[in-house]
Amino acid sequence: MSTGSRPSETLYEVVVNQHGQYSTWPVHKALPQGWAKAGKQGPKAACLEFIGATWTDMRPTSLGASVRR
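Residues numbered from 1 in each chain as written. Predicted model: local features only at pLDDT ≥ 70, side-chain atom pairs only at ≥ 80, totals over all residues. Heavy atoms only, no water.

Undergrad: Which residues make up the sheet that holds strand β2 (residues 22-26), and what values go with them?
TA: Taken in spatial order, the three strands make up an open sheet running β2-β1-β3, and their pairing is antiparallel. The open sheet has two edge strands with one neighbour each: β2 and β3 (35-42). The sheet shows a mean angle of 35 degrees between the axes of neighbouring strands, direction not considered. (Pairing = 2+ DSSP bridges. Helix = DSSP H or I, 4+ residues; strand = E, 2+ residues; numbered from the N terminus. Axes fitted to C-alpha atoms, helices over the stretch in contact; angles between N-to-C directions.)

Undergrad: Account for the side chain of Thr24, with residues named and values stated.
TA: For Thr24, the location among the structural elements is in strand β2. Since its relative accessible area comes to 14%, Thr24 is described here as buried. In this structure Thr24 touches Tyr12, Glu13, Lys44, Cys47, Leu48 and Ile51, once residues within four positions along its chain are discounted. (Buried < 20%, exposed > 50% of the residue type's maximum accessible area, 1.4 Å probe, protein only. Contact = heavy atoms within 4.5 Å.)

Undergrad: Break down the pattern of salt bridges for me, with residues and values.
TA: One pass over the structure, following the stated rule, counts one salt bridge. When the shortest N-O distance is used, the salt bridge between Asp57 and Arg59 registers 3.0 Å. The class of Arg59 is partly exposed, set by a relative accessible area of 32%. (Salt bridge = Lys/Arg side-chain N within 4 Å of Asp/Glu carboxyl O.)

Spelled out as structure tokens, the structure:
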């Protein structure tokens, strides 16, 4: 399946959902319901690096701060 552009040329947006979970999403597509822009855009590798530095606790925020140490 081809999208007409090479993966290295595709720009991505870092997105976050209501549970504090991060992902990447192509900037040319509408965001799925429940996801919001996290403030980083660029090549996929740069977005994944941002996620790695930002999302250090993989537990959903719905667990609450009382469960976190």
